[in-house]
Amino acid sequence: SPASLEVAADKMSVALSFDTDFESGKLYTLQTSGLTDVAGNPLIRTTRTTGITEVPGINDLVINEVMFNPPDSSDEYLEICNRSDKLLDVSGLIFTTRKADSTLNTGNAIPSGTDMLPGGYLALTSDAEKVRNYHECPEGSNILTTGWTNLNNESGTLVLTNAAKDTVYDELTYNTKWHHPLIINPKGVALERINPELPTQNQDSWHSAASEV
């Protein structure tokens with residue numbers, strides 16, 4: 001319960017003030033009721049988990065799923081997982097590909113204001129709505145539209161790094177041969193990590209996504 005609140009002049013935000021400071025490493029849930037826009041439409045999402053964000057460390061973030069050969073009606077995407085117990089600010093992190101000479105391409109930045117809950121997931125793609133609608137993702141799915149570099153349908157190396165590109169959080173060299181042998185045509189089938197704790201660069205850590213998802 002806030003000690004005070006102030007509605008912005010443009011009515012686009014409300015500033016909440018509290019009597020005590022938030023504690024680092026602790027999550028807080030904000031629950032609202034009775035909020036509407038100026039037309040009277042109620043707020044759809046009435047709860048939000050927040051807290052003091054921390055900077056990602058090595059082993060906090062891993063590549064969890066990649067769609068490198070998408071169906072015609074959807075787009076490529078990359079999903080990362082926060083396997084730490086921290087609320088991470090991943091704004092400005094770069095996801096990119098590695099060239100044949102081992103240098104990194106320019107890549108694309110994660111938008112500012114992007115946080116990841118402990119154990120949370122984040123999908124990055126060139127068209128979030130297109131991916132969300134095709135895969136019938138649940139409401140509130142954490143999918144963001146970003147810049148994009150087309151992925152090779154056969155193999156490639158994905159890298160998640162900081163803005164300076166001097167810290168690599170995770171790196172995956174994928175191969176279409178990693179798909180289940182019974183899959184004749186891998187188009188539209190993502191590769192997903194079986195468990196976020198398994199080593200990234202190991203074929204046994206990955207499998208083909210189930211057809212129902």
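Below, the structure is looked at part by part.

What counts, and where the lines are drawn
- Residues numbered from 1 in each chain as written.
- Predicted model: local features only at pLDDT ≥ 70, side-chain atom pairs only at ≥ 80, totals over all residues.
- Heavy atoms only, no water.
- Pairing = 2+ DSSP bridges.
- Helix = DSSP H or I, 4+ residues; strand = E, 2+ residues; numbered from the N terminus.
- Polar contact = N/O pair within 3.5 Å; in protein donor to acceptor, adjacent residues only side chain to side chain.
- Contact = heavy atoms within 4.5 Å.
- Patch = residues over 30% accessible without salt bridge, like charges linked within 9 Å, V, L, I, M, F, W, Y side chains within 5 Å.
- Areas by Shrake-Rupley, 256 points an atom, 1.4 Å probe, with all protein chains shown as cover.
- Salt bridge = Lys/Arg side-chain N within 4 Å of Asp/Glu carboxyl O.

With that settled, consider the sheet that holds strand S9 (residues 108–109). Read across the sheet, 4 strands follow the order S9-S8-S13-S14 without closing on themselves; strand pairing throughout is antiparallel. Single-partner strands in this sheet number two, and they are S9 and strand S14 (168–175). Summarising the sheet, strand S8 (residues 94–97) and S9 pair through 2 bridges and their orientation is antiparallel. By the bridge assignment for S9, Phe95 is matched with Asn108.

With respect to the helices and strands, Asn108 occurs in strand S9. Among the polar contacts made by the side chain of Asn108, one reaches the side chain of Thr149 at a distance of 3.4 Å. What Asn108 contacts, discounting residues up to four positions off in sequence, is Leu93, Ile94, Phe95, Gly147, Trp148 and Thr149.

With that out of the way, let us pick up a nonpolar patch on the surface. A cluster of nonpolar side chains, namely Leu5, Val7, Val14, Leu16, Phe18, Phe22, Leu30 and Ile52, defines an oily patch on the protein surface of about 640 Å² accessible area. When residues of the nonpolar patch are traced back to their parent elements, those giving at least two are strand S1 (4–7) and strand S2 (14–17).

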